[in-house]
Amino acid sequence: MDTRGVFISLEGIDGSGKSTLARSLVDALAQKHQVLGLREPGGTVISEKIREMLLDVRNDGIIGKAEAMLYAAARCQLVEEVIRPGLDRGTIIIADRYLDSTVAYQGYGRGLDLGFLEDLNRLCTGGLKPDLTLLLDLDPQEALLRRSEEIPDRLEQEGLAFQIRIREGYLDLWDKEPERIKRLDATHSPEFLLQEALLLVEKLLAE
Ligand code: TMP
């Protein structure tokens with residue numbers, strides 16, 4: 001790692017509880033450490049504008065490759081403006097989604113070429129990968145039930161089959177990079193998940 005801080009991302013299908021865990025993890029770590037919580041796409045003025053465009057249900061004409069490049073543009077801005085400077089200051093960065101989302105959603109979900117997405121990810125991040133990724137794994141049917149009261153955004157509107165492919169993608173990524181990606185069973189309570197996450201983070205910080 002070429003920086004002094006620690007970079008942790010949270011991943012999972014929509015409704016997996018990842019954002020809740022990200023928030024409680026930031027709160028818990030902030031008691032002892034310098035922590036910054038971010039979401040993707042988002043986290044800078046420009047990236048939040050790109051997020052609006054990406055999630056707006058009226059933008060149903062965005063083609064897959066353009067979608068991938070918009071996520072990459074938002075990420076590029078976030079890495080340069082916030083993540084790298086934060087890591088240089090020694091901050092713990094907690095990102096609610098990062099590059100695995102592009103592989104899972106645009107690759108496995110939309111069917112875009114994985115090689116193209118890997119190149120795109122490398123270009124937009126300069127090769128910056130998280131030190132630890134927490135994958136909240138949940139059955140897509142269960143996740144859909146959890147979201148039944150919410151108004152779906154453009155990606156969430158894609159339905160169950162889309163989420164099933166994305167989950168497969170995440171599990172493949174976990175299989176390929178078990179050192180970096182740790183799977184958490186998202187059927188557990190938020191309190192239990194926080195304790196599990198904290199154990200993994202403390203272990204990383206001790207290394
Ligand atoms: P969120 O609802 O978890 O904040 O994420 C926004 C949506 O964008 C979610 O449905 C996942 C999707 N997404 C992608 O399709 N590709 C990406 O690279 C990222 C970061 C998110």
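Just above, that's the structure.
Let us look at the structure shown here. The model shown is predicted, which means the values in this text are computed figures rather than measured ones.

Cut-offs applied
- Residues numbered from 1 in each chain as written.
- Predicted model: local features only at pLDDT ≥ 70, side-chain atom pairs only at ≥ 80, totals over all residues.
- Heavy atoms only, no water.
- Helix = DSSP H or I, 4+ residues; strand = E, 2+ residues; numbered from the N terminus.
- Rg over C-alpha atoms; globule rule 2.2 N^0.38 Å.
- Buried < 20%, exposed > 50% of the residue type's maximum accessible area, 1.4 Å probe, protein only.
- Contact = heavy atoms within 4.5 Å.
- Areas by Shrake-Rupley, 256 points an atom, 1.4 Å probe, with all protein chains shown as cover.
- Lys, Arg positive; Asp, Glu negative; His and termini not counted.
- Charge placed at Lys NZ, Arg CZ, Asp CG, Glu CD.
- Polar contact = N/O pair within 3.5 Å; in protein donor to acceptor, adjacent residues only side chain to side chain.
- Near = heavy atom within 4 Å.
- Phe/Tyr/Trp six-rings, centres within 6.5 Å; stacked < 30°, edge-to-face > 60°.
- Lys NZ or Arg CZ within 6 Å of the ring centre and 35° of its normal.
- Salt bridge = Lys/Arg side-chain N within 4 Å of Asp/Glu carboxyl O.
- Axes fitted to C-alpha atoms, helices over the stretch in contact; angles between N-to-C directions.
- Parallel < 35°, antiparallel > 145°, perpendicular 65-115°, else oblique.
- Left-handed = near helix turned anticlockwise from the far one by under 90°.
- Nonpolar A, V, L, I, M, F, W, Y, C, P; charged D, E, K, R; others polar.

The next subject is the overall build of the chain. A count of helices and strands for the chain gives eight helices and five strands. For a compact globule of 207 residues, the expected C-alpha radius of gyration is about 17 Å, and the chain comes in at 16 Å, within 12% of that figure. With the principal axes as the frame, the chain shows a C-alpha extent of 45 × 35 × 30 Å. Buried residues in the chain amount to 49% of all 207 residues. In the chain, 82% of the contacts between residues at least 6 apart in sequence involve partners at least 24 apart. With an accessible surface of roughly 10,100 Å², the chain has 54% of that area assigned to carbon and sulfur atoms. The positive charge centre, built from 26 side chains, and the negative charge centre, built from 37, are 2 Å apart in the chain.

Okay, the side chain of Thr91 next. Structurally, Thr91 can be placed in the loop between α3 (64-88) and β3 (92-96). Classification of Thr91 as buried rests on a relative accessible area of 3%. Side-chain polar atoms of Thr91 contact the side chain of Gln34, separated by 2.6 Å. Apart from residues lying up to four places away in sequence, Thr91 is in contact with Gly5, Val6, Gln34, Val35, Leu36 and Gly86.

As a further point, take the site of the ligand. The immediate surroundings of the ligand are formed by 13 residues, with Arg51, Tyr71, Arg97, Thr102 and Gln106 found nearest. Within the side chain of Thr102, a nitrogen or oxygen atom sits 2.6 Å from an oxygen atom of the ligand. The contact in question runs from a nitrogen atom of the ligand to an N or O atom on the side chain of Gln106, over 2.8 Å. Protein coverage of the free-state accessible area of the ligand, which is 480 Å², stands at 95%. Of all elements in the fold, only α2 (45-55), α3 and α4 (99-109) reach the threshold of two or more residues within the shell around the ligand. Element by element, the count of residues in the shell around the ligand is highest for α4, at four residues.

Following the criterion strictly, the structure yields two aromatic pairs and no others. When the centroid spacing of 6.1 Å and the interplanar angle of 75 degrees are considered together, the rings of Tyr105 and Phe162 count as edge-to-face. Placement of Tyr105 in helix α4 and of Phe162 in helix α7 (residues 160-176) is noted, with a sequence separation of 57 residues between them. The ring of Phe116 is capped by Lys65, whose NZ or CZ atom sits 5.6 Å from the centre of that ring. The ring of Trp174 has Arg183 lying over it, and the distance from NZ or CZ to the ring centre is 5.8 Å.

Here the focus is the pattern of salt bridges. Evaluated as defined, the whole model comprises 16 salt bridges. Among the ionic pairs, Glu67 bridges to Arg110, the shortest N-O distance being 2.9 Å. One end of the pair, Glu67, is in helix α3; the other, Arg110, is in the loop between α4 and α5 (114-125), with 43 residues separating them in the sequence. Assessed through its relative accessible area of 27%, Arg110 is described here as partly exposed. Where Lys129 meets Glu177, a salt bridge forms, and the shortest distance between an N and an O atom there is 3.2 Å. Placement of Lys129 in the loop between α5 and β4 (132-137) and of Glu177 in the loop between α7 and β5 (181-185) is noted, with a sequence separation of 48 residues between them. Accessibility expressed as a relative area gives 41% for Lys129, which makes it partly exposed.

Relative to each other, α2 and α3 sit at 160 degrees, their axes nearing to 8 Å. Viewed along their axes, α2 and α3 adopt a mutual orientation that is roughly antiparallel. Crossing angle aside, the handedness with which α2 passes α3 is left-handed. In this structure, α2 uses Ile46, Ser47, Ile50, Met53, Leu54 and Leu55 to contact α3, whose residues at the interface are Glu67, Leu70, Tyr71, Ala73, Ala74, Gln77 and Leu78. Classifying every residue of the contact of α2 with α3 gives 10 nonpolar, two polar and one charged.

Right, let's get into the packing of α3 against α4. Axis separation between α3 and α4 bottoms out at 11 Å; the angle between their running directions is 175 degrees. In terms of orientation, α3 and α4 fall into the roughly antiparallel class. Only Leu99, Thr102 and Gln106 of α4 make contact with α3, whose side of the interface consists of Glu67, Ala68, Tyr71 and Arg75. For the contact of α3 with α4, a count of residues per class yields three nonpolar, two polar and two charged.

Worth remembering: the numbers are spatial, not functional.
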